[in-house]
Amino acid sequence: MSDTSKRSATLKFDDKQFELPIYSPTAGPDVIDIRKLYAQAGVFTYDPGFTSTASCDSTITFIDGDKGELLHRGYPIDQLAEKSHFLEVCYLLLYGELPAAAELETFESTITRHTMLHEQMTGFFRGFRRDAHPMAIMTGVVGAMSAFYHDSTDISDPRQREIASHRLIAKMPTIAAWAYKYSIGQPFVYPRNDLDYASNFLRMCFAVPAEEYEVNPILARAMDRIFTLHADHEQNASTSTVRLASSSGANPFACIAAGIACLWGPAHGGANQACLEMLREIGTVDRIPEFIARAKDKDDPFRLMGFGHRVYKNFDPRAKVMKQSADEVLELLGVENNPVLQVAKELETAALADPYFADKKLFPNVDFYSGIILEAMGFPTSMFTPIFALSRTVGWVSQWKEMIGDPQNKIGRPRQLYLGETARDYTDIENR
């Protein structure tokens, strides 16, 4: 940020006046620095949800919701999704620049060598009930990693931070796949070093020891795009949770486990699951007009899940690429025997042709298309959020590393507007 203009905002109350510095970012709105407000003026600001508060400065991801723009280190997300692949984007988020060929080869080799889990960790999976949600398993297992990888928990050591970053990115697909395998009663499938990141994950999810499994390259590419398009999304709820946890000096595995727990909330990571549940509620193609009409009715609480976005007021820049993958996957696998996918395709066509949705900019978003793809691949809806967590791990890790290296870093301590009772005298129970 820059304060070369020496601009300031003036705050006046109770016959007092205070000057607050204004900083200008490289992109986005200016910010008013209120760090010394309490010390100087004795007041707090009030911002439930922190929707108007910048809690940090960052160089990783930028979102302009009005323009429908998402940049990673300055690169538009649609370019990265079309021309790049997930591990290259991981390198970009972690280190700030796209890698040269030799750098990418070394990075991919490092991630591949870290995909195995400590063998004792298999016992953690077997400690859960078979019907445990995969997100519950992931939260527990990732938090437990600090008990097995003592050589990467010292956050003051740059080398240990690097190792922890690589381990988290590498092992998360194995953890997610094993959580799925455990929930369906199938044996764990170990990673293979000759497969790429997305193919390895698909094989660990769907292969069985009794027969050979070949990963279809179209499905692997679609999976890689899902990972890429969910890699980071600026200071959202789970990322802010990771930063807040790390501000206390917690080890990286605990911080990422905190992010997974936050992502589990249906208001955050469960959007594509909610979309599929809506499609199942619609049920058949002939009922689409009924639900379209309900979505337009202001007095009806029903709304189309997977259309529009809270952040993007124009269009979701990730959706165009995800739609391309959805079309490719559905062409490969077909929709004839899957009523949910039939409804999805017809609903997309009907909504895009309806002026009501165009006028309100309610276009299909990334969650709509990713849910379609994952359903077509055979994933249950319980696995949608774990796949989101797998994808977002690199964003969490990048934000964690940036925060640890920030000289301004201090423990998070939000304030409150207290509306409870003031001091009261204690009365004995006999006198109440």
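Each remark here, short or long, concerns the structure printed above.
Everything numeric in this text was worked out from a predicted model, so none of it was measured.

Participant: Requested: an account of the overall build of the chain, with residues and values cited.
Facilitator: Summing up its helical and strand segments, the chain has 18 helices and 6 strands in all. The globule rule puts the C-alpha radius of gyration for 432 residues at 22 Å, and the 24 Å found for the chain is close to it. Expressed along its principal axes, the backbone C-alpha trace of the chain runs to roughly 75 × 65 × 55 Å. Residue burial in the chain is summarised as follows: out of 432 residues, 47% are buried. Partitioning the intrachain contacts of the chain with sequence separation of at least 6 by distance along the chain shows that 69% fall at a separation of at least 24. With the model as given, the accessible surface of the chain reaches about 21800 Å², and the carbon-plus-sulfur share is 52%.

Participant: Just give me the short version of the sheet that holds strand β4 (residues 61-64), but keep the residues and values in it.
Facilitator: Taken in spatial order, the 3 strands line up as β4-β5-β6 in an open sheet, and their pairing is antiparallel. The sheet terminates laterally at β4 and β6 (75-76), the two strands that pair on one side only.

Participant: Now, about the nonpolar core: what can you tell me, with residues and values included?
Facilitator: Formed by 112 residues in total, the largest nonpolar core has its most connected members in Phe-201, Met-223, Leu-347 and Phe-379. The greatest single-element share of this core, amounting to 12 residues, is contributed by helix α7 (residues 158-183). Leaving out residues up to four positions away in the same chain, Phe-201 has contacts with Pro-173, Ala-176, Ala-177, Met-223, Phe-227, Phe-379, Met-383, Ile-387 and Leu-390.

Participant: Mind laying out the pattern of salt bridges, listing which residues take part and the relevant values?
Facilitator: Pairing between side chains of opposite charge can happen when the charged atoms of each approach one another. What the rule picks out here adds up to 16 salt bridges. Salt-bridge contacts for Arg-167 lead to Asp-151; the nearest nitrogen and oxygen are separated by 2.6 Å. Remark: Asp-151 occurs in the loop between α6 (134-144) and α7 and Arg-167 occurs in helix α7; sequence separation between them is 16 residues. The partly exposed category is assigned to Asp-151, whose relative accessible area is 40%. Between Arg-221 and Asp-224 there is a salt bridge, with the nearest N and O atoms lying 3.5 Å from each other. Of the two residues, Arg-221 and Asp-224 both sit in helix α9 (residues 217-229), 3 residues apart, roughly one turn of that helix. According to the relative accessible area criterion, Arg-221 is partly exposed, its value standing at 23%. A single salt-bridge network, built from bridges that share partners, covers Lys-323, Asp-327, Lys-345 and Glu-348.

Participant: Account for a nonpolar patch on the surface, naming residues and giving values.
Facilitator: Together, Tyr-46, Leu-417 and Leu-419 line one region of the surface with nonpolar side chains, adding up to about 400 Å² of accessible area. Along the polypeptide, Leu-419 turns up in the segment after α18 (384-404). Residue class for Leu-419 comes out exposed when judged on its relative accessible area of 73%.

Reading the values: rules and limits
Residues numbered from 1 in each chain as written. Predicted model: local features only at pLDDT ≥ 70, side-chain atom pairs only at ≥ 80, totals over all residues. Heavy atoms only, no water. Helix = DSSP H or I, 4+ residues; strand = E, 2+ residues; numbered from the N terminus. Rg over C-alpha atoms; globule rule 2.2 N^0.38 Å. Buried < 20%, exposed > 50% of the residue type's maximum accessible area, 1.4 Å probe, protein only. Contact = heavy atoms within 4.5 Å. Areas by Shrake-Rupley, 256 points an atom, 1.4 Å probe, with all protein chains shown as cover. Pairing = 2+ DSSP bridges. Core = buried A, V, L, I, M, F, W, Y, C linked by side-chain atoms within 4.5 Å. Salt bridge = Lys/Arg side-chain N within 4 Å of Asp/Glu carboxyl O. Patch = residues over 30% accessible without salt bridge, like charges linked within 9 Å, V, L, I, M, F, W, Y side chains within 5 Å.

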